[in-house]
Amino acid sequence: MTVYQISVFLENRTGQLAEITKILADNHIDMRAISIAETADYGVLRIIVDQPQKATAILLEQGFILSKTPVTAVMVPDQPGGLAPVLQLIAEGEIDIEYMYSLFTHKDGNAYMVFRVSDDEKFTSLLAQNGIQVVSRQELGIGD
């Protein structure tokens, strides 16, 4: 099942990240994951939140430039080497990973990784064939 990440484009200036997290906190929106990538001129904040539609609307109202992107959350054993079999499958399936990062959530000895890949259908099919669980929005406490 698809999870939506919000990508917010930020100026490289002090306080931008604090401003966004305060806006989310003031509106009772809980972050489930965060990733930041930067260049010399701007940064891209990628977040997964419990209320993506509300967060998107509020951030747009505040003048932020953003996009919503489908990503896949995958359950992996929270132990040394737990991610290796998933990455091996991706390599064998010749699927390119555009980026990945982890979720804050851990449950029953499992961690969760977020993947943005070149071929999501092929990726989720490959995972299912190998008994690797794709995590639903509901499992992560994320609304529509």
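Everything that follows concerns the structure shown earlier in this document.
Everything quoted here is computed from the prediction, not taken from an experiment.

Draft legend 1. Inspection of the nonpolar core at higher detail. Formed by 15 residues in total, the largest nonpolar core has its most connected members in Ile6, Val8, Ile20, Leu24, Val49, Leu59 and Phe64. Among the secondary structure elements, those contributing two or more residues to this core are β1 (2-11), α1 (16-26), β3 (42-49) and α2 (52-61). Aside from chain neighbours lying at most four places away, what touches Val49 is Ile6, Leu24, Ile29, Asp30, Met31, Arg32, Ala55 and Ile142.

Draft legend 2. Layout of helix α4 (residues 120-129). Within α4, burial applies to Phe123, Leu126 and Leu127. Across the axial projection of α4, the buried residues extend over an arc of 100 degrees, all falling on one side. Summarising the geometry of α4, the exposed residues directed more than 90 degrees from the buried face are Glu121, Ala128 and Gln129. Tucked inside the fold, the buried residues of α4 contact β4 (65-77), α3 (84-92) and β6 (110-117). A distance of 3.4 Å separates the backbone nitrogen of Glu121 from a side-chain oxygen at the start of α4, and that oxygen is part of Asp119. Two residues or fewer past α4, Gly131 is found with a positive phi of approximately 70 degrees.

Draft legend 3. Molecular detail of the pairing of β1. Strand direction decides the pairing type here: β1 and β4, joined by eight bridges, are antiparallel. Looking across to β4, one finds that Tyr4 is bridged to Pro70. As paired strands, β1 and β3 are joined by six bridges and run antiparallel to one another. From the neighbouring strand, Phe9 faces β3, where its bridge partner is Val44.

Draft legend 4. Fine view of the sheet that holds β1. Read across the sheet, six strands follow the order β2-β3-β1-β4-β6-β5 without closing on themselves; strand pairing throughout is antiparallel. Lying at the two open borders of the sheet, with one neighbouring strand each, are β2 (31-38) and β5 (97-107). On average, adjacent strands in this sheet sit at an angle of 30 degrees to one another, irrespective of strand direction. Where β5 meets β6, seven bridges bridge the pair, whose relative direction is antiparallel. In the sheet register, Ile97 faces β6, and the bridge partner there is Val117. Across the sheet, α2 lies against β1, β3 and β4, angled at about 150 degrees from β4, the strand it touches most.

Draft legend 5. Quick peek at the environment of Gln79. Mapped onto the elements, Gln79 comes out in the loop between β4 and α3. Given the relative accessible area of 52%, Gln79 is considered exposed.

Draft legend 6. Up close: the pairing of β2. Of the pairings in the sheet, the one linking β2 to β3 comprises seven bridges and is antiparallel in character. Looking across to β3, one finds that Ala33 is bridged to Ile48. Where β2 folds back on β3, the antiparallel hairpin that results is connected by three residues.

Definitions and limits used
Here the residue numbers are simple positions, counted from 1 along each chain's written sequence. Per-residue local features of the predicted model are confined to residues with pLDDT of at least 70, and side-chain atom pairs are confined, for both listing and counting, to 80 or more; whole-chain, interface and lining totals are unaffected and use all residues. The side-chain figures draw on all heavy atoms in the structure; neither hydrogens nor water molecules are used. To qualify as a nonpolar core, a set must consist of buried Ala, Val, Leu, Ile, Met, Phe, Trp, Tyr and Cys residues joined through side-chain atoms within 4.5 Å. Classification of residues uses two cut-offs on accessible area relative to the type maximum, computed with a 1.4 Å probe and protein chains only: under 20% is buried, over 50% is exposed, and between them is partly exposed. Counting from the N terminus, the helices are the DSSP runs of H or I reaching at least four residues and the strands are the DSSP runs of E reaching at least two. Between two residues, a contact is recorded if the distance between any of their heavy atoms is within 4.5 Å. Directions are taken from the helix axis to each C-beta atom, and the arc is the one they span. What qualifies as a polar contact is a pair of N or O atoms within 3.5 Å, subject to a donor-acceptor requirement within protein and to the restriction that residues adjacent in sequence count only when both atoms come from side chains. Pairs of strands are assigned from DSSP output, requiring at least two bridges between the strands. Structural elements are reduced to axes, namely lines fitted to C-alpha atoms, with helices fitted over the stretch in contact, and the angle between N-to-C directions of any two is expressed from 0 to 180 degrees.

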